[in-house]
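One letter stands for each residue in the lines below.
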Amino acid sequence: MEPARVLVVNSGSSSIKYQLLDPDSGKVAASGLVERIGEGGGAIEHTAGEHTVTDQVDIPDHTAGLRLAFAKFADTGQDLTTAGITAVGHRVVHGGEVFYRPTRIDDRVLRTITELSTLAPLHNPANIRGIEAVRTLLPDVPQVAVFDTAFFHGLPEAAKTYAIDRQIAEAHGIRRYGFHGTSHEYVSGRVAEFLGRAPGSLNQIVFHLGNGASVSALRGGSPVDTSMGLTPLEGLVMGTRSGDLDPGIILHLMRTAHLDIDGIDRLLNRGSGLRGMAGVNDFRELRRRIESGDPAARSAYDVYVHRLRHYLGAYLIELGGVDAITFTAGVGENNAEVRADALAGLHRFGIAVDPELNTAADRGARRISPAGAEVQVLVVPTNEELAIARAAVAVTGND
Ligand code: ADP
């Protein structure tokens, strides 16, 4: 029998990332990135097996972007309209209070995702454009929405409630929703597998450190806290986002710097974090600048690590002890220094990082704590596409 094939689509405001993969083996048949949709000077990079093709062409909208991707599939011998795709899985950022598991998309679901755009004005509309584009091109293939917030749906009341007027909070859906849920769920599951333990028997802290960054605390496989909130802006220092700050700063800037809503939005979402402090959001470039003696880069790094330790301390106490601390995503998987600095000097809590294991060239799931340490410190590569593909098949298989 032909292996099952799932197309996973992650549609952003001006880009579409996609992957065609086998949800059982995880084997990727092809993947790609369409960029600068609707901005002029569009581009696509498509990789099938060993071969990568690139193209530069204006891409007016998401349907045109996806059509271009389909053309690349066809050029490399994979006609998607006849490839027997089992399902299309879409990453959808905000599921609000409504969606807490992967959901087959129909008109009603699409309407509700649209309504939830008030909670994620940058993300949900972009996700919807991706869904509509696939509907046009593959009308007969079931589509499934996999929500970034779903894993955190059951956060305890005390962890998800903001201390503001209850009526206002309820009227406007203001609570902590959490994001990167697909990654936190996938990685924490892999941790249990790696340790050969039942997920229900473990207390875990998972650091997802990519361009966006978040940390979660899990008791027995269920999240009890996470650092992102109503939006993906709260919590850790990120590539371009501030993470936590005194909300009074916003009032102060509106009054004294006369920034309007869009100005504040740009500042906090795109012009803050590492980029705001050091001028760069890419961690590799930040490292280069630190090595060349740039004090702003050094300071940004210190703020970044300080915030990691702040959350680590909070979650250790919330959990009352932890079995495993795991690092994942671009920075978490690749930057040994961040891992070492985040956990430095914590021997009395049973937490330590072995310098040799931490800097080993290994790329797979691995332990970096010394043998016999009380707390397992791990690096586990995330794979959100695989998790989305598996969720999509699980949902459509039950129809
Ligand atoms: P996202 O999916 O949120 O865009 P990623 O998980 O791809 O982000 O992470 C991007 C970050 O990971 C960037 O800051 C990048 O510099 C960093 N990164 C990626 N590869 C490496 C590496 N080999 N060494 C250090 N940092 C890396």
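Now for a description of the structure that goes with this document. Throughout, a residue's number is its position along its own chain's written sequence, starting from 1. Local features in this predicted model are restricted to residues whose pLDDT is 70 or higher, and side-chain atom pairs enter the listing and the counts only when it is 80 or higher, whereas totals over whole chains, interfaces and linings include all residues. The side-chain values count all of the structure's non-hydrogen atoms but skip hydrogen atoms and water molecules.

Brief notes about the sheet that holds strand β8 (residues 143-147)
Pairs of strands are assigned from DSSP output, requiring at least two bridges between the strands. Put simply, DSSP marks the helices as runs of H or I at least four residues long and the strands as runs of E at least two long, and each gets a number from the N terminus on. Strands sit in the order β5-β4-β3-β2-β1-β6-β8-β7 across an open sheet of eight strands; the sheet is mixed. Each edge of the sheet is formed by a strand with only one pairing partner; in this case those strands are β5 (51-56) and β7 (103-104). The pairing of strand β2 (residues 16-21) with strand β3 (residues 28-35) spans six bridges and is classified as antiparallel. Within the sheet, the bridge partner assigned to Leu-21 lies in β3 and is Val-28.

A few points about the packing of helix α7 (residues 248-256) against helix α8 (residues 261-270)
In this description, a line fitted to the C-alpha atoms serves as the axis of each element, helices being fitted only across the stretch in contact, and the angle between N-to-C directions of two axes falls anywhere from 0 to 180 degrees. At a minimum axis distance of 11 Å, the contact between α7 and α8 shows a crossing angle of 130°. Judged on the interaxial angle alone, α8 and α7 are oblique. α8 is crossed by α7, and the crossing has right-handed handedness. Taking contact as the criterion, the partners of Ile-250, Leu-253 and Met-254 in α7 are, on α8, Ile-261, Ile-264, Leu-267 and Leu-268. When an angle is under 35 degrees it counts as roughly parallel; over 145 it counts as roughly antiparallel; between 65 and 115 it counts as roughly perpendicular; any other value is oblique. Two helices cross in a left-handed way if the nearer one is turned anticlockwise from the farther one by less than a right angle. They cross in a right-handed way if the turn is clockwise. For this analysis, residues touch if any pair of their heavy atoms sits within 4.5 Å.

Some details on the sheet that holds strand β14 (residues 376-379)
The sheet built from six strands is open, its strands ordered β11-β10-β9-β12-β14-β13 with mixed pairing. The sheet is open, and its two edges are formed by β11 (222-226) and β13 (366-367), each paired on a single side. With two bridges connecting them, β13 and β14 associate as antiparallel partners. Looking at β14, one finds that Arg-367 is bridged to Leu-378. The strands touched by helix α6 (residues 181-195) are β9 (203-209), β10 (213-219), β12 (324-328), β13 and β14; relative to β9, the strand with the most contacts, the crossing angle is about 130°.

Observations regarding the nonpolar core
To form a nonpolar core, buried Ala, Val, Leu, Ile, Met, Phe, Trp, Tyr and Cys residues must be joined to one another through side-chain atoms within 4.5 Å. The classification of residues rests on relative accessible area computed with a 1.4 Å probe and restricted to protein chains. Under 20% of the type maximum is buried, over 50% is exposed, and intermediate values are partly exposed. Judged by nonpolar contacts, the single largest core of 44 residues is most densely connected at Ile-205, Phe-207, Leu-209, Leu-286, Tyr-304, Ile-325 and Leu-343. Looking at this core, the element that brings in the most residues is helix α11 (residues 295-319), giving 11 residues. The next biggest cluster of nonpolar side chains, apart from the first, holds 25 residues, and it includes Ile-59, Phe-73, Leu-137 and Leu-138.

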